[in-house]
Structures are given as structure tokens and as C-alpha cells.
Amino acid sequence: MKPKLFVVFLVIVLLPLSLLIWTGVRLARDEQGRLGRRITEALEGRLSEINDGIARLVAGHETSLLKATDPDSLDAEFLRSVMRQNRLTRQLFVIDSEHRLIYPEAASTNSLTSGERDFLERTRSVWVSGETFYHQHDTGTRSSNRYGWHTWFWEQGLSFIFWQRLDSGQVVGAEVDRIAVMADIVASLPSGTRGSRLLDGRISLVDTSGKPLYQWGEHEPATGVPPAAEVPLCQPYSSWRLQYFVAPHVLQANLGRSTSFNVLSGLAVMAIALIGLTIYFYRESARESREAVQRVSFVNQVSHELKTPLTNIRMYAELLEKRISEKDDKAKRQARIVAGESQRLSRLITNVLTFAKGQRNGLSYKPAPGIPDACVTSVLSGFQQAFRTGHIDVGFSRGAGNEVLFDADLLEQVLGNLFSNVEKYASGGELHVCSSQDGDSTTISVKDSGPGIPRGQRKRIFKPFERLSNKVTDGVSGTGIGLSIARDLARLHGGDLALKDSNRGAHFILTLHTPLA
Amino acid sequence: MRISTWRLLTVVILGVVIANISVFANQVKLDVSLANPVLVEGKKQTTYLKIGLTGFEMKGDVQRTPANVAIVLDKSGSMQGDKIKKAREAALMVLDQLNNKDIVSVVAYDNNVSVLVPATKASDKTAITAGINRLSAGGSTALFAGVSKGASEVRKFLAKNKVNRVILLSDGLANVGPDSPGELASLGASLIKEGMSVTTIGLGLGYNEDLMTQLAQRSDGNSYFAETTKDLTRLFKAEFGDVLSVVAQELVVKVHCAKGIRPVRVIGRQADIAAGTTTAFINQIYSSQQKYLLLEVELPAGRKGKNMDVAKVSVSYANMETKTTDTLSSTIAARFTDSEEKVADSVDRDAMIAAVTQLATENNDLAVVLRDKGDIEAARKMLVDNGKFLATNAVILESAKLKEYSGANFDDAENLDEASWGRQRKSMRGWQMFNSMQQEAR
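Residues numbered from 1 in each chain as written. Chains lettered and ligands numbered in written order. Predicted model: local features only at pLDDT ≥ 70, side-chain atom pairs only at ≥ 80, totals over all residues. Heavy atoms only, no water.

Novice: Give me the interface of chain A and chain B: which residues, what numbers.
Specialist: Many analyses report the size of an interface as the accessible area lost when the parts associate. Taken together, the contact between chain A and chain B spans 38 residues of the former and 29 residues of the latter. In this assembly, chain A packs against chain B so that about 2,600 Å² is buried in total across both faces, 52% of it on carbon and sulfur atoms. Taken together, the links from chain A to chain B amount to 5 salt bridges. Note that R155 of chain B is salt-bridged to D184 of chain A, the shortest N-O span being 3.5 Å. At the junction of chain A and chain B, the tally comes to 9 residue pairs in polar contact (both at pLDDT 80 or more). Put simply, the parts of the chain that give the side of chain A that touches chain B at least two residues each are α2 (76-85), β1 (89-95), α5 (178-188) and β7 (212-216) of chain A. Ranked by the residues each element gives to the side of chain A that touches chain B, the list is headed by α5 of chain A, at 8 residues. Residue composition of the side of chain A that touches chain B, by class: 14 nonpolar, 11 polar and 13 charged. (Contact = heavy atoms within 4.5 Å. Buried area = accessible area lost by both parts, 1.4 Å probe. Salt bridge = Lys/Arg side-chain N within 4 Å of Asp/Glu carboxyl O. Polar contact = N/O pair within 3.5 Å; in protein donor to acceptor, adjacent residues only side chain to side chain. Helix = DSSP H or I, 4+ residues; strand = E, 2+ residues; numbered from the N terminus. Nonpolar A, V, L, I, M, F, W, Y, C, P; charged D, E, K, R; others polar.)

And the structure:
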């Protein structure tokens, strides 16, 4: 593939494709985020349902604790019997209306059970902090708040106190048996009985430190994987959390199939379409250029075939012209036209052959000693009849009369092309040819007074098959390879053909490398 | 009865009064005795008060208390093969012994918990058998959750007139959820408040015996140690013999010490001592079986020839035969003498054996603590001394039981090295549990 085509390929395939990928990926990511949030919400919803169940359980516990903390008697023996029966209470305590802890009474350790002494030790920080349970919560509109929870950290983890203010102004509190609560919560949660639908998930109840207390579901999450959703447990156990882990393939199935796959398949189809289109265009253009090559070679062959008979026609036309007597003016002119037209045809064929040769990189030049001015004069004389017909005045300033090495055929062809343009476009004007020599280079300037070449199109005229189309050129025939060949030849000859800025008409400067003979 | 006969032969007569004896219905027998009913005068001293409770004999299966049992089975990976097979067999054997008045549930756990058979009448045997046969092993060990679920199955049909029990069979450790012996002990303590006991059966050598025994002990259940699967069926049978022969439940024992008498501590069982009153719970008493509470008491100096009131004991319990709540009470007094000989002669053999057993059990427990700290020598010395102490008393008290325990202590002392410690520790914990809870079978 040619570099230019490659670039084209990049532009028409890769650019839109990468653009599509970029937007697709962004879209997919957005969609994934949205879906992810939706999944998380759904999972959180499920956890919240479970949490609601636990909240109902806790409400039941509260009812039981409200009863336990409103005993018939505040006698120590009676309180002990309450504790023995209420499985949620690990230890009861009583604070009198003066905010003094009256049971278990720290002062009389002898009358305390070991459990009561342990309790005082455990809750020391609570008493040291001056916690009275009632005043703290009894503010403003919440004065109706007659019971509540208090949590504190002890070495075994979080501990919970439920307290109730009695009408007498006393506060009765219960240290809640954390383990009993835990066992109740665990018992209330679903188990892995057959038929439970949590095949690809795992719900864990974890404690403050993230250690699982209970779990169900068949999926075993890898260590370190964060949960897909997390909900703290209802008060007062909000430092415990419910976590939902979902098997990666389930998430993939929910997330991936809908977006990533769609986007990817869309992109793939797009890419295939683009590549297909490119290949189609590439083949089209390849076919066209192949056809063009075939056409050129056909023309080339035809031209070859035409060349020999044309040479004969030209030769005999010129002979005929010489043999016709001066008197028979009409016949002589007709013979001259035949000779001139065959000369033009010959130039055309030469151009075609040169172009075909240039296509095959087969151009070469054969310098031989000669005088450039003589060659110019010879070409001009060939156009004499044509210029006369087109009422073109010709002026030639000679300045290249030294004998140098150059390819006369080549120069003839270049000049022929330039003059034939003048003939075509500058009829009724004038042509001024000016030659000069400077060291190893010969310069020939060809200036006419035709319509000239618009500034914006000056670069295009040297490209093959470019024919400027405007009202002046319309109706004029041509192959569109003349100037292209002319410049190629000039460059082959170590020089150049350039268009010079001019106010009026076209002004070509031809330079050739012409070492002295 | 030998005990009474023996006591009659002694010189001093104790004031043992059994109140509220119903002539018609069977009653639990309350037996209060002092290890030293006669004491030396003129000095402050301590002795042991034994409160014995003996279940009456159950007559046939007709009267049997319905059982409400949750069988909690460990199906973690380590149970694979023979163990899980035996566990299934044991569970099926339990099922076989139940009738349609009983309720049974089967819970299995690894890292998850599954309720294989929710609490249901034992009459539906095909479904239950199918549930048990579904059991296969694999995974880790959510022991806490397993027991919690088992307890919640029992709770569905929790009734005072049933034997409410969770039977846990595990060969492993708890590694999901609360897993410390203390936490499991708390679980046991909270379950007994509902009248539910947990019996633990440790299988093989892998389980955490402290966790298993404490869970059982705090809920007044039994704890067994089955080294091989062969023992399993036997233990299940023993446990079920117990379960099916409960004659009294939810016993509250209160010991009110007389003025001047100080209750020092209760050895072996959990009890609350506050302001002269000792309160203890016993969840159940089995047919013809004695359970006792041993209280160390400190008596002030007494005078020769004088009686001293020591304590008043009252017991309330649910009589499983009459379905009534019955009460028993008794008082006990001590006498003083100036003769050491009389003191020695008057020793209450039965109470003294109990005291020696509990003290030796304490020492045995201490030896475990020492060995856990790595102090093998101190532990060995402790055990050897303990063995000697038991042997001496076995001779004085002519007790085969003490002699056996003495031998066990000497045996323990020989097996403190790393290789046998794991097994030996379980055996020691088993003995300790057996002694302190007065289990029927080991």
C-alpha cells in the first residue's frame, strides 16, 4: 500500500473508529456506573428488609426490657430474680433520683454477687463519666423520652445499656447481654436451608471490627473483596453491619451483557463496515488506476502504430508542397496545411509516447552539441503557418547562439508544447520568445499576451490531465499532459520550467543545463 | 439406703427436716449435710455444706417428660468420611428413641447454617430421616450460629413441661462468629434462663474443649468427649437416657446462712452469693440421679456441747411428673466438741467425698492453667499432690470413686508432654466437667 493510501486508511477508518471507541467506552462506563448504582440500591434494599426484621426483633427486646426495668420492687433480691429470668439482661442497676447508683452499691461489696462486682468493674468508665442516663436525653421536647440506649466500649467490644426512667424519678437500667442479642439476631436471620435463593451471594452480619458474626449464601467471597452493598444495623447495634457480597459472574452478567457487550459489538460492526468501505474504495481506485495504465499503454501502442504512417504522410506532404508550383497557390496552401497538421499530430504522438515512457520511468536525454537558438528558430518555423492562421505576432530575441551540449529533440518537444498552448489560447495576440545563456545554463522565456493563468491555479497546471476550465478554455481541445511533460523533460535536463508572475498573459521560463560543448 | 444407715451410726444427729413431703406424689429428695457436722470448739473454721438433690425413679415410658431437642451437627470439612457417617447414625438413633410426643429439629452448620429439619413432631420420621441423610461434610465452622439456630428451633416449642435441649456434635473449632469460650459460656448462660440446656459432644481431638465444656456447663448441660466415632453412639445413648429421664426442672436452690455464718464460695457450680444468701440453679435432675451443690462455709467459734444453726435451705422446682411447682426446705446445724477424735469420727462420708472431689477438681483445673502457661513442672507437681490428696482421702473415706480419680490425676501428671497434651487436656476437662456437674455418664 502506498504511504498516501495508508494515511487515507488511517483517517477514514481509525479516526472515526477510535472516536467511536472513546464515546462507546464512556457511554458504557456511565451506563455501568448507573447499573452498578442500581444493583447496589437493590442489594441495599434487600439488606434493609433484613434490617427491618432485626428492628422488629429489637423492638420486641425493648418491650421485654421495658418490663424488666420496671420491676415491682427495687429490692436487690427481687432484681436478681428478674435478671435470672430475663435472658436479655446481664445485669440490672438502679440510679436514684439524686443520680446515685444504689444498686449494685459499690460501697458494700460484701453483699454483692460476683456478677454484680464484675458489672461494676466493667462499667467503671460509665460511672466515672458521671453518666446518669436520664438528663442527657431529657432535653427540650424530648422530655417524654422515658427510655433509651447507651453504648460503651469495654475490652470485649461494644456493650449496651438500656435504661428507663420510672415515675419515681429513679432510673433502672439493664446491661444487655450482647451474646444473647447476637444469638437472637442470628436465629432470626435466614439460614442456608435448601431452597434459599442466595446461590450466588453471601450476606454477612459483621461486628465493629468487620469480623463476621453470621453469614448465609453459597458464594464464598475472596478475602479483601469489598461488599457490593453495606447497611448498618438498626439502633442501638449500628456498629454492626450487614454486608452483601455478590459473585463476580453475577455482577458481570448484570452489568457486562447489557452495555459492554452491546458497545463492543457495535464497535466491531462499525469497524468491519469502515474497513469494508475502505477496501471497496481502495479496490475501486486501484481498478481505475489499472485501467488508466491500460489506457495509456493502449494509447502508447496506438501512437507507435500511428507514428510510422504519420512520418510518411508528413514527409510526402512536405515533398508535395515543394513540388507544387508557386502559381498553384491554393494547392500549395492545402499541402502546407496537411504538413502542418501532420506535424501537430506528430507532436501529440510524441507527447503521448513521452508521457507513457515517463510513467515507466523510462525517460532519458541524449545531449549533443548544438546551438539552442537554431533549435528555437526551427520550432518557431514549424509553427509559422499556425501562428499566421491565429494572427499571432511572433518576436524572438536571440541570446543563445553559443554551441552547447543539449538534447535538441527534448528542447523541441518542450517548446512545441509551450507554443501549441500559445496557438490554442493566445490567438490574436503576440508571442515573445527570448533566449539567453549564462555559463552552463540556457534560459528561454516564452511570453504571450493571452488570457494568462489565474493566480490560484498556477500550481495545478503542471499536473498531468489538468486542464483549466473556464470560459476561455472551453471548446479548446487538448490532452492535458503537455505542460506536465514539458516540465518533466526540463527537469530531466537538469533545469526547470516555471511560470513567472506577469500582469498579462502567460510567461514561462525554461532553464536547461547546457554545458559548453 | 446406705447413706442414711451410715449417718444413723454416727453419734451426732443432724437436724435434717424435709418439709412439704407429699405422701402421694414423687418428690425430689433434698439432703443437706455438713462434711464436718461436729467441730472443734473455740475457733473460727470452715467446712463444706453439701446440698444434695436426688431425682425420684421414673416409672415406665408412659410418664416420661416429652423432649424438645435440637440436634446441632458440625458438617465442616474435617467431619468428612467416617465421622459424618457416625454422626448421621447417632442422630438417627436419637430419632429412634423419640415418640410422637417429642419434638425434634436438626441443624447442620459449616460456614453457613442450614436447618435440615425444622422443629417438628418426632412422629414424622420419614421426613426427618431424609433430612438427616442429606447431611454431608465440607466448609468451616459457624458453631455459635449453629447453636443459636438450634436454640431457636427448640424455642418454637419451648415449654416448661418438656425437656428443652440442644445437642451439639462437633469435631472442630468455632471460626465464624463469636468463638471464645467466654462468649460461648455467655450463650449457655443466656439459654439456661429460658430453661434450655446445651449438651456438647466433642468428637476426635480437634475441638476446643474449653469452649465445648463451658457452653455445656453454663447451661447445665452435659459435655462428652468422644475420641473415636465408636464412642459416639454410646454417648448419644447416655445423653438420651438423661434427656428422657428428667424428673425435675428449673431447680432454684437458696441457702440462707444463719447469722454469723459466712458463705465463702460455691465449688464446682455457678452460684450467686450475696449478703449471706447463696442462690444456684440446676436445670434438671434425672431419674434416680443425685446432683449437689457444695458450699464452703465459715463458722465462728462455738462452745462445746452447743448446737449452732448453720443454714436454711429452700428449693423450688418444676415436678415433671405432677406438672406442679414444688418446694422443699431444710435446715442444718453443727455441734461442737473438744475432742478431735469425735470430730474425725463424725465426718459425713458422703459430704466429705463430695468436698474432696470438688477440691481436687479445682486443683486439676489449676493444673491445666499452669500447663497452658507452659509450666509443666508446676502442673505435674500439682497433679501428683492432687493424686496423693485423693488417694489419702480414698483410704480414709473408703471411696472407690476417689481412688479412681486419684489414679486419673497421676495419669494426668504423666501426660503433660507436648505429644499427649492435646488429648490429655480434653480428658481432664471431661473429668472436671463430670465432677463439677455430677454427670451420669462420661
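Novice: Can you lay out the packing of helix α9 (residues 349-373) of chain B against helix α12 (residues 418-437) of chain B for me, pointing to particular residues and giving the numbers?
Specialist: Residue and element names in this part refer to chain B. Their axes nearest at 10 Å, the elements α9 and α12 cross at an angle of 150 degrees. Here α9 is positioned roughly antiparallel relative to α12, judged by the angle of their axes. The interaxial crossing formed by α9 with α12 has left-handed handedness. Mapping the contact onto sequence places T357, Q358, T361, N364, D365, A367, V368, R371 and D372 in α9 and E418, W421, R425, M428, R429, Q432, N435 and S436 in α12. When the residues that make up the contact of α9 with α12 are grouped by side-chain class, the tally is 4 nonpolar, 7 polar and 6 charged. (Axes fitted to C-alpha atoms, helices over the stretch in contact; angles between N-to-C directions. Parallel < 35°, antiparallel > 145°, perpendicular 65-115°, else oblique. Left-handed = near helix turned anticlockwise from the far one by under 90°.)

Novice: Give a description of the pairing of strand β4 (residues 67-74) of chain B that names residues and reports values.
Specialist: All names here are of chain B. Among the 8 residues that make up β4, 8 are buried, leaving the element largely enclosed by the rest of the structure. Alternating residues of β4 divide into A67, V69, I71 and L73 and N68, A70, V72 and D74, and every residue in both groups is buried. Here 7 bridges tie β4 to strand β7 (residues 163-170), and the two strands are oriented parallel to one another. If you follow A70 over to β7, its bridge partner there is V166. In the sheet, β4 pairs with strand β5 (residues 103-109) via 7 bridges, with the strands oriented parallel. Along β5, the bridge assignment pairs V72 with V107. After leaving β4, the chain enters helix α2 (residues 82-97) and then returns to the sheet as β5, a path that is right-handed. (Buried < 20%, exposed > 50% of the residue type's maximum accessible area, 1.4 Å probe, protein only. Pairing = 2+ DSSP bridges. Right-handed = clockwise from strand over helix to strand, strands pointing away.)

Novice: Go over the pattern of salt bridges, please, and point to the residues and values.
Specialist: Residues and elements named next belong to chain A. Evaluated as defined, the whole model comprises 44 salt bridges over all chains. R287 is the partner of E284 in a salt bridge, and the nearest nitrogen-oxygen pair spans 3.2 Å. Placement of the pair is E284 and R287 together in helix α7 (residues 260-323), with a separation of 3 residues, close to one helical turn. On the basis of relative accessibility, which here comes to 23%, the residue E284 falls in the partly exposed class.

Novice: Just give me the short version of the sheet that holds strand β9 (residues 241-246) of chain A, but keep the residues and values in it.
Specialist: Residues and elements named next belong to chain A. The sheet built from 4 strands is open, its strands ordered β7-β6-β9-β8 with antiparallel pairing. Each having just a single partner strand, β7 and β8 (229-232) make up the two edges of the open sheet. Adjacent strand axes in the sheet meet at a mean angle of 20 degrees, parallel and antiparallel pairs treated alike. As paired elements, β8 and β9 share 4 bridges and run antiparallel to each other. Looking at the pairing, V231 lines up with L242 of β9.

Novice: Give me the lowdown on unusual backbone geometry, citing residues and values where you can.
Specialist: Residue and element names in this part refer to chain A. A cis amide bond, omega -15 degrees, links Y103 with the succeeding residue P104. Of note, H391 is a non-glycine position whose phi angle comes to about 50 degrees, a positive value. On the secondary structure map, H391 appears in the loop between α9 (372-389) and β11 (393-397).

Novice: Account for the pairing of strand β3 (residues 45-54) of chain B, with residues named and values stated.
Specialist: Regular strands have side chains that alternate between both faces of the sheet. Residue and element names in this part refer to chain B. Counted residue by residue, β3 has 9 buried out of 10 residues, so it is predominantly covered. With 6 bridges connecting them, strand β1 (residues 29-34) and β3 associate as antiparallel partners. Its bridge partner lying in β3, L34 is registered against L49. Taken together, the 10 bridges between β3 and strand β14 (residues 290-299) define a ladder with antiparallel strand orientation.

Novice: Lay out helix α3 (residues 114-122) of chain A with the relevant residues and their values.
Specialist: Residues and elements named next belong to chain A. All of the buried residues in α3 are E116, F119, L120 and R122. On an axial view of α3, the arc spanned by its buried residues comes to 160 degrees, and they lie on one face. Packed against the buried residues of α3 are α2, β1, β2 (101-103), α4 (124-128), β3 (147-154) and β5 (171-176). (Arc of directions from axis to C-beta.)

Novice: An account of the domain arrangement of chain B is needed here, citing residue identities and associated values.
Specialist: Residue and element names in this part refer to chain B. Segmentation of chain B into domains returns domain 1 (14-59 + 248-337), domain 2 (67-244) and domain 3 (351-437). For domain 1 and domain 2, the distance between their C-alpha centres works out to 33 Å. The interface is formed by 12 residues belonging to domain 1 together with 18 residues belonging to domain 2. Viewed at the interface, domain 2 and domain 1 are joined by 1 salt bridge. Linking domain 1 with domain 2 are 8 residue pairs in polar contact (both at pLDDT 80 or more), by the criterion used here. Elements supplying a minimum of two residues to the side of domain 1 that touches domain 2: β10 (246-257) and β13 (277-286). Broken down by class, the residue content of the side of domain 1 that touches domain 2 amounts to 3 nonpolar, 5 polar and 4 charged. (Domains from an automatic or database assignment.)

Novice: Explain the environment of L251 of chain B residue by residue, including any values.
Specialist: Structurally, the position occupied by L251 of chain B is in strand β10. Those residues in contact with L251 of chain B that sit more than four places away from it in its chain are L53, A280, F281, I282, N283, Q284, I285, V315, S316 and Y317 of chain B.

Novice: Pulling in residues and values, what's your account of the environment of K366 of chain A?
Specialist: Residue and element names in this part refer to chain A. In this fold, K366 is placed in the loop between α8 (329-359) and β10 (368-370). You can call K366 exposed: its relative accessible area is 63%. Taking the C-alpha atoms as reference points, K366 and S265, 101 residues apart in sequence, are found 63 Å from one another. What K366 contacts, discounting residues up to four positions off in sequence, is F406 and D407.

Novice: Which residues make up helix α10 (residues 376-397) of chain B, and what are the values?
Specialist: Residues and elements named next belong to chain B. Counted at 1.5 Å a residue, the expected span for α10 with its 22 residues is 32 Å, and the 31 Å between its end C-alpha atoms agrees. If you follow the buried residues of α10, they end up packed against α9, α11 (400-414) and α12. Phi turns positive, to about 50 degrees, at E398, one or two residues after α10. (Expected span 1.5 Å × (residues − 1).)

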